[in-house]
Structure formats: C-alpha cells, structure tokens
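# Working through the structure, step by step
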Amino acid sequence: MNLVKTSETIDYAVRHESFERWFQSALGRALLADQRRLLDADLAPLTGARQLQVGISHRLPLATGTDFTQRIMTTPVWSPEISEGVVVCDSHELPFPSDSMDLVVLHHSADFSRSPHEVIREAARVLRGEGTIALIGLNPLSLWGLRRAVSRHREGPWGGRFLFRRRMEDWLHLLGFNIEASSTRFFRLPLQRSGRDRESWLDSRRAGNRILPLGAYYCIMARKRVYAGLPKRPTWRTAKVISLSGTRVIGASRGAHAEKTMSEDFD
C-alpha cells in the first residue's frame, strides 16, 4: 500500500484558510508587519501603471505605499466582502493579458500551490519586460523549516511547501530574470509569545539577513529581461482574460475558475 501523501490529495483551500487565520495570531501579525516593512522600503522607488499581488488572501495587502496607478489583488476563494480590485482565481492561472503588469508580488503563493513552477511562470507571463517581481516564500533552512519537518500538524504556515530559495532563483533565471536582491528575514523562534512584539536586531540590520540566511522567510527581487520569451498560453484560456484597458479599478471576479492545470515542469 502506498502511504505517501501526494500533492493531489492536499486540500489547499483548507490550508489557505488556516494560514490566513494564523496571520491573526501574535506571531502571524509580527511576520506580516516585517514583510510589509521590507516591501515598503524595497519597492518605494518603483513606479508604473499596474501592480499585482498574488497571494493566499485579499485580507493581507502588501506594498500599499507604492506609486502605481492601479493595484490589483488575487485571492483563491470568493467571499461576500471582496472589494473592488480583487480577482478570484488560482495563482497558477492568472486571467490577465501577457505583459500587462509592472510589478508582481507573490505572497506565499508558490508555498501554497499544487503547481509552484506554474505560479512563477504565470507571474513571468503577465509581467512586462523590465518589470519587477517580488517573491516571498517560507525558508526550509531555518528553525521554522525544522519545526515543519518534525511536526505532524499542517495548520498555519506549517501547511506550506517551504521551497528552497535557490530553486526559486533557478526558476526565475530560466524564465529570463536577473536576480537583483535575495535575502532572508524574521529571525524569531516559531513560537507564539505574549507581550509586545518588537523587530529583532538582525531584521533591523540590512546586512544581517545576508550573512545569516536562516530567517523564517525569504524575499527575492528580480527584474524581467526584455528579450525573455515565454511560450504562448493555450487557446482555452483566452476567454478567461480580463480586459485591463485604461486605469479604472477592475471589479471582483465572482465566477468559477478553471480546474485544469499544466503538467509541464522546468525544474
């Protein structure tokens, strides 16, 4: 009998919900605050027409202080309180035209996907030449990764894949990106603690996270080369593309999204 649990048997909708709830805990709020500080500092100089955040929830906005005309978010599950500018779709099937975004933020979307390589490929497809991608993922080479390895529970962040940062960088290189920055952050123990959360001294020093690549999460900043070519998407996806003409805020998508996935890998 095969006792190995494959990715096809994982209910990612349940894991998305569990991870979203975990962000309401003290440790989760501290992690999200650190991620927001990092992106606000690193993305502040960028400008453009459209910014896209692909994540596990529309309730966790990032990079809200950037100077982009239009900000769009995606969420994998529809809910009644979804606001304007939020689209319901899978992270590996984005309903946007190719070369339509100036900045794409991937917030743990590869960690919580059946097809993490397709998540990266889709982000590369919708990003224009010379656009920037900011990829945030959970670091397996950390105490957080160790806890996931020894724990049988898969609630909260422990339900994520914890993909290696080097693998993410390799995938980006294959898709025609230049890595401009790559570091780990958040050196706190993976334990809930009471009291006021404060930024650790390692996170407060930009050099510290490059010397010690053991933070709970990593952030990779990469720029798409203009001559990077990507295969055309299948024609069955054409009808699902959302028009992005002008600068008006798009409405929330409330239709069912496709379940078909691509099987091609480039690992």
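Now for a description of the structure that goes with this document. (Residues numbered from 1 in each chain as written. Predicted model: local features only at pLDDT ≥ 70, side-chain atom pairs only at ≥ 80, totals over all residues. Heavy atoms only, no water.)

When helices and strands are counted, the protein chain shows 6 helices and 7 strands. Its helices and strands in sequence order give the protein chain the pattern α-α-β-β-β-β-α-β-α-α-β-α-β, from N to C terminus. Counting across all 267 residues of the protein chain, residues that qualify as buried make up 52%. Restricting to contacts in the protein chain with at least 6 residues of sequence separation, those with at least 24 account for 73%. Only carbon and sulfur atoms are counted for the fraction: they give 53% of the accessible area of the protein chain, which is about 13300 Å². (Helix = DSSP H or I, 4+ residues; strand = E, 2+ residues; numbered from the N terminus. Buried < 20%, exposed > 50% of the residue type's maximum accessible area, 1.4 Å probe, protein only. Contact = heavy atoms within 4.5 Å. Areas by Shrake-Rupley, 256 points an atom, 1.4 Å probe, with all protein chains shown as cover.)

Take unusual backbone geometry next. Backbone geometry places His-108, a non-glycine residue, at a positive phi of 60 degrees. Within the fold, His-108 resides in the loop between strand S4 (101–107) and helix H3 (116–126). Taking relative accessible area as the criterion, His-108 reaches 0% and is therefore assigned buried. Unlike most non-glycine residues, Glu-130 shows phi in positive territory, near 70 degrees.

Right, let's get into empty space enclosed by the protein. Summed over all chains, the structure comprises 2 cavities of 30 Å³ or more. Size it by volume and the largest cavity reaches roughly 40 Å³. Around the largest cavity sit Leu-106, His-108, Ser-109, Ala-110, Asp-111, Leu-135, Ile-136, Gly-137, Leu-163, Met-168 and Tyr-218, which together line it. For the lining of the largest cavity, the element with the highest residue contribution is strand S5 (residues 127–138), accounting for 3 residues. Across the lining of the largest cavity, the residue classes break down as 7 nonpolar, 3 polar and 1 charged. (1 Å grid on protein atoms, 1.4 Å probe; cavity = no way out; pocket = protein on both sides within 12 Å on 5 of 7 lines; lining within 4 Å. Points joined across faces, edges and corners; volume = space filled by probe spheres on them. Nonpolar A, V, L, I, M, F, W, Y, C, P; charged D, E, K, R; others polar.)

Moving on, we come to the pairing of S5. S5 sits mainly inside the fold: 9 of its 12 residues count as buried. Crossover connection from S4 via H3 to parallel S5: handedness right-handed. (Right-handed = clockwise from strand over helix to strand, strands pointing away.)

For the rest of this paragraph, the subject is helix H1 (residues 12–22). Among the residues of H1, those classed as buried are Tyr-12, Arg-15, His-16, Ser-18, Phe-19, Glu-20 and Trp-22. Buried residues belonging to H1 abut helix H2 (26–43) and helix H4 (143–150). Two or three places before Ala-13, at the start of H1, stands the capping residue Asp-11, its side-chain oxygen 3.2 Å from that residue's backbone nitrogen. (Polar contact = N/O pair within 3.5 Å; in protein donor to acceptor, adjacent residues only side chain to side chain.)

For the structure on display, the rule yields 8 aromatic pairs. Each ring, one from Phe-19 and one from Phe-112, has its centre 4.7 Å from the other, and the planes form 15 degrees; the classification is stacked. Of this pair, Phe-19 sits in helix H1 while Phe-112 sits in the loop between S4 and H3; the two residues are 93 residues apart in sequence, bridging distant segments of the chain. For the pair Phe-19 and Phe-112, a shared accessibility class is recorded, and that class is buried. Judged by centre distance (5.4 Å) and plane angle (70 degrees), the rings of Trp-22 and Phe-23 are edge-to-face. Here Trp-22 falls in the buried class, since its relative accessible area comes to 12%. Assessed through its relative accessible area of 4%, Phe-23 is described here as buried. Taken together, the ring pairs connect Phe-19, Trp-22, Phe-23, Phe-112, Trp-144, Trp-158, Phe-162 and Phe-186 into an aromatic cluster. (Phe/Tyr/Trp six-rings, centres within 6.5 Å; stacked < 30°, edge-to-face > 60°.)

A separate point is the side chain of Thr-66. Residue position: Thr-66 is located in the loop between strand S1 (47–54) and strand S2 (67–75). Polar side-chain contacts of Thr-66 include one of 3.1 Å to the backbone oxygen of Ala-63. Setting aside anything within four residues of it in sequence, one finds Thr-66 in contact with Leu-43, Gln-51 and Arg-71.

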